[in-house]
Amino acid sequence: ASFSGDEVVLWTRSVEQARTLAETRMGMHAACPDHLLPDNVRVTADLRETLDADLVLVVVPSVAMRSVAAMLRDAGLSEKSVVLSCTKGIEKDSLLRMSEILREYLPNTVGVLSGPNHAEDICLGLPSATLVGFEEEEISAAVQRRLASPSFRIYSSSDLVGMELGGSIKNVFAIGAGICDGLGLGDNAKAAMVTRGLAEMTRIGLAYGGKAETFMGLSGMGDLIVTCYSKHSRNLQVGRLVAEGKSVEEAVASLGMVAEGVPNTLSIYQMSRKANARTPIVDVIYGILYEGKYPLCGLQELMDRALCAERIADN
Ligand SMILES: NC(=O)C1=CN([C@@H]2O[C@H](COP(=O)(O)OP(=O)(O)OC[C@H]3O[C@@H](n4cnc5c(N)ncnc54)[C@H](O)[C@@H]3O)[C@@H](O)[C@H]2O)C=CC1
Ligand SMILES: O=C(CO)COP(=O)(O)O
């Protein structure tokens, strides 16, 4: 998105790294990321150049959110800047959402952008829909207007809890879907993973105050679908590699980018246990990633459970 011609400053720790990522990730052979970007977008490694922006999008892996929030505070981000978290994750142990971490450090208005939004498609200008959420309706509406384009349709929401939980929890099931692919379990198994995953997402999400309809929407089911089926999904890829016998560390290292499902499986498992939610798939994926359970044994365990009625939100 080029933000309709507004001046955009893209801060990155390393301009060199941004160049490599742009080249490999987008499959484009530009010598410099600036070639991929419209004239109104400038790349910098100097955080101070972003401090008076009226809208600040934070797009870092969830494990880096706390340090980046502290950097923004220490660098002196203008209190007038509206801050938008685009990161999909829950912090382990504290179980804080990304917008909550940002609020710990910054007095600014903080919102969330989340939806089925693989960067590869957006960069090509392919149509995408997403959700922007702020507690203040008028700020949602203003950011919605500001970021929307003919190829980027934005809906608004005030359910930040539902948005942030949906965007984080779906990563766990994307790894599960990748495991189904890697084991060659077929289309039916994967459809079951996605559908029962949505039930578990809804159960955990409701326990923490999210709204049921949000989990049925773009930032819930929508993101779950894209991440479980897209060739671009890094979580799906990690699941496949683990099913093929790679260790989690090897699978993640081979991506060279973040797969949020790995840290998220730990934090979502912690959330589920704390809420005493019934989440057999989360529990099995946790066992595979963190306790050395064999992927095929884990998936067979899911099939061998006692037969029951189909329940979605009920625990
Ligand atoms: N890539 C995508 O298509 C989408 C990504 N997201 C979410 O956006 C977030 C970031 O994902 P990506 O951009 O794909 O990840 P990435 O692995 O490409 O990292 C994004 C940037 O964060 C930087 N970074 C990493 N650790 C840092 C630290 N400690 N301090 C400062 N910068 C740091 C990296 O150098 C990189 O420039 C994740 O939560 C992801 O789930 C959401 C929707 C789509
Ligand atoms: O959240 C995403 C798409 O909406 C990105 O998913 P992956 O991290 O699995 O690539």
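Each remark here, short or long, concerns the structure printed above.
Residues numbered from 1 in each chain as written. Chains lettered and ligands numbered in written order. Predicted model: local features only at pLDDT ≥ 70, side-chain atom pairs only at ≥ 80, totals over all residues. Heavy atoms only, no water.

Colleague: Just checking my understanding: could you explain the packing of aromatic side chains for this structure?
Modeller: Centre distance and the angle of the planes are the two values used to describe a pair of aromatic rings. Applying the stated criterion across every chain yields a total of 2 aromatic pairs. Taking 3.7 Å as the distance between ring centres and 0° as the angle between the ring planes, the aromatic pair formed by Tyr269 and Tyr286 counts as stacked. Within this pair, whereas Tyr269 is found in helix α12 (residues 261-275), its partner Tyr286 is found in helix α13 (residues 280-290), the two being separated by 17 residues in sequence. A relative accessible area of 14% means that Tyr286 is categorised as buried. With a centroid separation of 5.4 Å and 20° between ring planes, the pair formed by Tyr286 and Tyr290 is classed as stacked. (Phe/Tyr/Trp six-rings, centres within 6.5 Å; stacked < 30°, edge-to-face > 60°. Helix = DSSP H or I, 4+ residues; strand = E, 2+ residues; numbered from the N terminus. Buried < 20%, exposed > 50% of the residue type's maximum accessible area, 1.4 Å probe, protein only.)

Colleague: Can you walk me through the site of ligand 1 in this structure?
Modeller: Taken together, 18 residues surround ligand 1, and among them Gln17, Lys88, Ala119, Arg234 and Glu260 come closest. Measuring from an oxygen atom of ligand 1, one finds a side-chain N or O atom of Arg13 at 2.9 Å. At a separation of 3.0 Å, an oxygen atom of ligand 1 approaches a polar backbone atom of Val258. Counted by class, the shell around ligand 1 contains 9 nonpolar, 4 polar and 5 charged residues. Split by domain, the residues of the shell around ligand 1 number at least three in each of domain 1 (3-158) and domain 2 (161-303). (Near = heavy atom within 4 Å. Polar contact = N/O pair within 3.5 Å; in protein donor to acceptor, adjacent residues only side chain to side chain. Nonpolar A, V, L, I, M, F, W, Y, C, P; charged D, E, K, R; others polar. Domains from an automatic or database assignment.)

Colleague: How do you make sense of helix α5 (residues 137-147) when you look at a structure like this?
Modeller: Residues spaced three or four apart along an α-helix face the same direction, because each turn holds 3.6 residues. Within the span of α5, buried status applies to Ile139, Ser140, Val143 and Leu147. For α5, the angular spread of the buried residues around the axis is 105°, confining them to a single face. Exposed and facing more than 90 degrees away from the buried side of α5 are Glu137, Glu138 and Arg145. On its buried face, α5 is in contact with β3 (55-58), β4 (82-85), β5 (110-114), β6 (128-133) and β7 (152-157). (Arc of directions from axis to C-beta. Contact = heavy atoms within 4.5 Å.)

Colleague: Can you help me understand the layout of surface pockets in this one?
Modeller: A probe matching the size of a water molecule, rolled over the atoms, marks out where space remains unfilled. Reported here for the second largest pocket is a volume of approximately 590 Å³. Surrounding the second largest pocket, 22 residues form its lining, Ala192, Arg196, Leu302, Met303 and Arg305 being those nearest its centre. Broken down by secondary-structure element, the contributors of at least two residues to the lining of the second largest pocket are α7 (187-207), α13 and α14 (295-303). The leading source of residues in the lining of the second largest pocket is α7, at 6 residues. (1 Å grid on protein atoms, 1.4 Å probe; cavity = no way out; pocket = protein on both sides within 12 Å on 5 of 7 lines; lining within 4 Å. Points joined across faces, edges and corners; volume = space filled by probe spheres on them.)

Interpretation note: all reported values are geometric properties and have no functional meaning in isolation.
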